[in-house]
Amino acid sequence: METPPELEAVAGEQDDITISTREYEDETVIVVDFGPISGKPSVDIVGGTAIVTADETHLEFDVPADASDVTVNDGVLTISG
């Protein structure tokens, strides 16, 4: 599974945001850590688009076709598939 380009662009612009990809035997997990932010990030899925809101950051990206789950927990966005 490829990291959505919109997430890579935001991580490239903001030093506090890090992205890592973990490959397991039967699953790929993309982890986006938003770093120290004052508000809790949230994610909404509308159709095939994920909308992430964190502090003053509003980010939309197409959910990868092979993703099975998109969640936010403790400031970390996780895309599994």
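Residues numbered from 1 in each chain as written. Predicted model: local features only at pLDDT ≥ 70, side-chain atom pairs only at ≥ 80, totals over all residues. Heavy atoms only, no water.

Before going further, it helps to examine the pairing of strand β6 (residues 69–73). Looking along a regular strand, one sees side chains alternate from face to face of the sheet. Of the pairings in the sheet, the one linking β6 to strand β7 (residues 76–80) comprises 5 bridges and is antiparallel in character. Bridged to V70 within β7 is I79. (Pairing = 2+ DSSP bridges. Helix = DSSP H or I, 4+ residues; strand = E, 2+ residues; numbered from the N terminus.)

Strand order in the open sheet formed by 3 strands is β3-β4-β5, and the pairing between neighbours is antiparallel. Among the strands making up the open sheet, the edge pair consists of β3 (42–46) and β5 (57–62). Sheet twist, expressed as the mean angle between neighbouring strand axes with direction ignored, is 20°. Note that β3 and strand β4 (residues 49–54) share 5 bridges and pair antiparallel. Bridge pairing in β4 places I45 opposite A50. (Axes fitted to C-alpha atoms, helices over the stretch in contact; angles between N-to-C directions.)

Turning next to the side chain of S80. In this fold, S80 is placed in strand β7. For S80, a relative accessible area of 11% translates into the label buried. Setting aside residues no more than four positions away along its own chain, S80 makes contact with M1, E27, T28, V29, D66, A67, S68 and D69. (Buried < 20%, exposed > 50% of the residue type's maximum accessible area, 1.4 Å probe, protein only. Contact = heavy atoms within 4.5 Å.)

For the rest of this paragraph, the subject is the sheet that holds β6. With antiparallel pairing, 4 strands are arranged side by side in an open sheet as β1-β2-β7-β6. Each edge of the open sheet carries a strand with a single partner, namely β1 (18–23) and β6. For this sheet the average axis-to-axis angle between neighbouring strands, irrespective of direction, equals 15°. Bridging between β1 and strand β2 (residues 28–33) involves 6 bridges; their strand directions are antiparallel. Counterpart to R22 in the pairing with β2 is V29.

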